[in-house]
Structure formats: C-alpha cells, structure tokens
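So you can see what is in the structure, the chains are spelled out below.
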Amino acid sequence: MQEFMSTYKENVKDIENFLIETVFNLGNLEERESEDFKKVFKVFPSLELIYACDESTMLQTSENIYRNKKSKSPIGRNRDYLLSKAEFNDSNLAITKPYISSATGDTCITVAKKENDKIYFLDFNISILLQRLGLIEIHSGFNFVSKSFYFLTANIMMILALFTIGYSVYEFGHSLLFKGELSIEAIFKPVIALTLGLAIFDLAKTVFAQEVVFKSYSKNSTEEYKVLTKFSITIIIALLIESLMVVFKIAIDDYSHMIHAFYLIGGVSVLILTLGMFIYFTKKKG
C-alpha cells in the first residue's frame, strides 16, 4: 500500500482532475439515486460506495449503496469529518485526502458533490483507480498464480534453511561427542552451514515479504535489487569464513599452499568490490 500511495502522490493532480471532470459530466446524481447509481458504477470500476448526507446537519440520510449490495446501518452518522480539510470548487465538488474506509477496510479517496441541500459522497478504491488509469499494472489471475508460486517456494526454502541449521548442529555434536575431537574444521564447518542456512532463510523471508505480503506493482520499482543484495552479502560472509578456515588449515599443515588461500580471499574481495559498485549505482539510479 505504501507503493500505491507513492504512485498516487506523484500523480495526484491528474487523478483529481480526472475524477472532478468525470463526476461533473455525470450530471445530476439525485436522478440516478432511484436506480441505486447503477450507471455511475458502470462508469467508474474503482467506485465502491455512494451515500448522501444532509448539507446542513451532515448526517447521513441514505443507505450505503455498494456495487452489489446496500446497508442501512450507517444512516444517521455524522460525516462532517470527511470535509474538514476539503474545499468545494466552483462546480460544488470536493476531494478528500486518502484514508482507510471504515465501510470497506480499503484505502480510498472520496469525491463530494453538493446537490439540492444534499451532499453525495463517492468513495473510490485507490488501488483499482491507479490500475484503471494505467499507473500500476495488476492482473488478478496471474497475480494469484504468481503469489501462490512464491508462497510455496518461500516456504520450501525456509524448510531447507531449517535442515541446513539442523545439519550444522548435528555435525558439531557428532564431531564433539563421537569423534572425540574439537578441531578448527569441526568448528568452522557448522558455522558455514549456519551462515548458509541464514542466507537461505533471509532470501525466503525477502521473497515472501516482497512478492506475497507486500506485492510490488510499480513499473519503476527498485525493490527487486534488495533480494540480490541481501543474499549476496550473506554468501560473501560465508565465503570469508571459508577463507579464514582455509588459512588456518594451510598454516597448520603446509605453508606452500598459502597461495590458494590468497586466490580465494582475492576472489571474495572482487565480489565485495563488485557488490559495492552495484549498490552504489542502483542507489544513484534510484
């Protein structure tokens, strides 16, 4: 939703002008009230609710009229708060700031129109409105399949991360209790497995957060870079630990093979420099 709000704020003037002009061109809303505003709902796929209030008392006088249902319970409620920060223009139209609707639970904006001692309130769902205006891209069918796939994959990765962590604990316990030895290798191998388990879990968590819980719909979003960056950092840490273990093993066994440790550390250093440049240029681009 934060992404929707950012897109809305970037295009707020165009969106408000579109709504004001279209609602104004609808003509008299009172004439459409008898048919439950069915034609108005056809014009606006993003419209989710219409109701009317008395202009002098600001008490709701009509039912909540939704696209496919009606509700009498809100009748008599005071709606003065909706117009506390909104001003009517020369066409007797006003637009509120975005807020979470108590009727639908979604983030919406409301267009108010004065007519014959009444004020009609039209609630527009922001996410659908942005989609209809081409500011974000959402395909419900593909979105469901995509979210389901990411959900399944992220959960499998979390399970594998737990197995990796379990393996590290088993390996350390086996070396300590059954082999009867506590060597550098016996300590570093579980640490590497734990780091890889953390990397897999962190990647799964990031995928779950960005693609399932807070799905990104922006055309220019840079959120996808975070997955690669976080995963790369964790892998580099694991490689650094492996390099340190190699150095210790060579120092104990044979110094003549120290050049191989140097190559490994040099390769990890190149990865660090490359990742640093990647982060710098992506932030500069953003």
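Please read these numbers as outputs of a predicted model, since none were measured by experiment. (Residues numbered from 1 in each chain as written. Predicted model: local features only at pLDDT ≥ 70, side-chain atom pairs only at ≥ 80, totals over all residues. Heavy atoms only, no water.)

## Observations regarding the overall build of the protein chain
Defined as follows: Segments assigned H or I by DSSP are reported as helices when at least four residues long, segments assigned E as strands when at least two residues long, and all are numbered from the N terminus. Three labels apply to residues, based on accessible area from a 1.4 Å probe with only protein chains included: buried if under 20% of the type maximum, exposed if over 50%, partly exposed otherwise in between. For every accessible area listed, the method is Shrake-Rupley and the probe measures 1.4 Å; residues are considered covered only by the protein chains on display.
Looking only at helices and strands, the protein chain has eight helices and seven strands in total. Sorting the 286 residues of the protein chain into buried and exposed places 36% on the buried side. Here the protein chain displays about 17200 Å² of accessible surface, and carbon together with sulfur accounts for 61% of that area.

## Overview of unusual backbone geometry
With the exception of glycine, the majority of residues adopt a negative phi angle, and the majority of peptide bonds are in the trans configuration. Phi is positive for Asp36, close to 60°, though the residue is something other than glycine. Secondary-structure assignment places Asp36 in the loop between helix H2 (12-25) and helix H3 (38-43). The partly exposed category is assigned to Asp36, whose relative accessible area is 24%. Of note, Asn116 is a non-glycine position whose phi angle comes to about 50°, a positive value. Checked against the element boundaries, Asn116 lands in the loop between strand S6 (107-115) and strand S7 (118-125).

## A few points about the side chain of Thr110
Heads up, the condition is: In protein, a polar contact means a hydrogen-donor-capable atom and an acceptor-capable atom, both N or O and within 3.5 Å, with residues adjacent in sequence counting only if both atoms are side-chain atoms; elsewhere, any N or O pair within 3.5 Å suffices. When checking whether two residues touch, look at their non-hydrogen atoms; a contact exists if any pair is within 4.5 Å.
Locating Thr110 in the fold gives a position in strand S6. On the accessibility criterion, Thr110 (0% relative accessible area) is buried. A distance of 2.6 Å separates polar atoms of two side chains, one belonging to Thr110 and the other to Asp123. Other than its neighbours up to four places away in sequence, Thr110 contacts Ala94, Ile95, Thr96, Tyr99, Phe121, Leu122 and Asp123.

## Examining the nonpolar core
Our working rule: For our purposes a nonpolar core is just a set of buried Ala, Val, Leu, Ile, Met, Phe, Trp, Tyr and Cys residues, chained together by side-chain atoms within 4.5 Å.
Ranked by size, the top nonpolar core spans 26 residues in total, and within it Leu19, Val40 and Phe124 carry the most contacts. Looking at this core, the elements with two or more residues in it are helix H1 (2-10), H2, H3, strand S1 (47-54), strand S4 (93-95), S6, S7 and helix H4 (126-132). Counting twelve residues, the second-largest nonpolar core is a separate cluster that includes Cys53, Leu83, Ala112 and Phe121.

## So, the packing of aromatic side chains
The description of an aromatic ring pair uses the distance of the two centres, along with the angle that the planes make with each other. Note the threshold: Two rings from Phe, Tyr or Trp (for Trp, the six-membered ring) form a pair when their centres are within 6.5 Å of each other. A pair whose planes differ by under 30 degrees is stacked, one over 60 is edge-to-face, and the rest are tilted.
By the definition in use, this model includes seven aromatic pairs. Their ring planes at 20° and their centres at 5.3 Å tell us that Tyr51 and Phe121 sit as a pair that is stacked. Here Tyr51, found in strand S1, pairs with Phe121, found in strand S7; they are 70 residues apart in sequence, far enough to count as distant. A relative accessible area of 0% means that Phe121 is categorised as buried. With centroids separated by 5.3 Å and ring planes inclined at 70°, the aromatic side chains of Tyr280 and Phe281 adopt a geometry described as edge-to-face.

## Comments concerning a nonpolar patch on the surface
Let me state the cut-off plainly: Note that patches include only residues with greater than 30% relative accessible area and no salt bridge, and the join distances are 9 Å for like charges and 5 Å for nonpolar side chains (Val, Leu, Ile, Met, Phe, Trp, Tyr). Here, a salt bridge means any Lys or Arg side-chain nitrogen found within 4 Å of an Asp or Glu carboxyl oxygen.
A contiguous nonpolar patch, built from Phe172, Leu176, Leu177, Phe178, Ile187 and Val191 and spanning about 580 Å² of accessible area, is present on the exposed surface. Among the secondary structure elements, those contributing two or more residues to the nonpolar patch are helix H5 (140-177) and helix H6 (184-213). The greatest single-element share of the nonpolar patch, amounting to three residues, is contributed by H5. Along the polypeptide, Ile187 turns up in helix H6.

## Remarks on the pattern of salt bridges
This structure, assessed with the given rule, holds six salt bridges. Across the pair Lys70 and Glu63 runs a salt bridge, and its minimum N-O distance is 3.6 Å. What makes Lys70 partly exposed here is its relative accessible area of 45%. We classify Glu63 as buried; its relative accessible area is 19%. For Glu115, the salt bridge identified is with Lys113, shortest N-O distance 3.2 Å.

## Side note on the UniProt feature "transmembrane region" (unreviewed entry) in the protein chain
Spelled out, the test is: UniProt positions are given in the numbering used here, feature names are shortened, and annotations may be inferred rather than shown by experiment.
Within this structure's numbering, the places UniProt gives as "transmembrane region" (unreviewed entry) are residues 149-170, 190-208, 228-252 and 258-281. As a span, residues 149-170 carries 100% helix and 0% strand, and end to end its C-alpha atoms are 31 Å apart. Secondary structure content for residues 228-252 is 100% helix and 0% strand, and the end C-alpha separation is 36 Å.

## Comments concerning the pairing of S7
This is how it is decided: Two strands are counted as paired when DSSP detects at least two bridges linking them.
In terms of burial, S7 is a largely internal element, seven of the eight residues being buried. Bridging between S1 and S7 involves seven bridges; their strand directions are antiparallel. The partner of Tyr51 across the bridge, within S7, is Phe121. Note: S6 against S7, eight bridges, orientation antiparallel.

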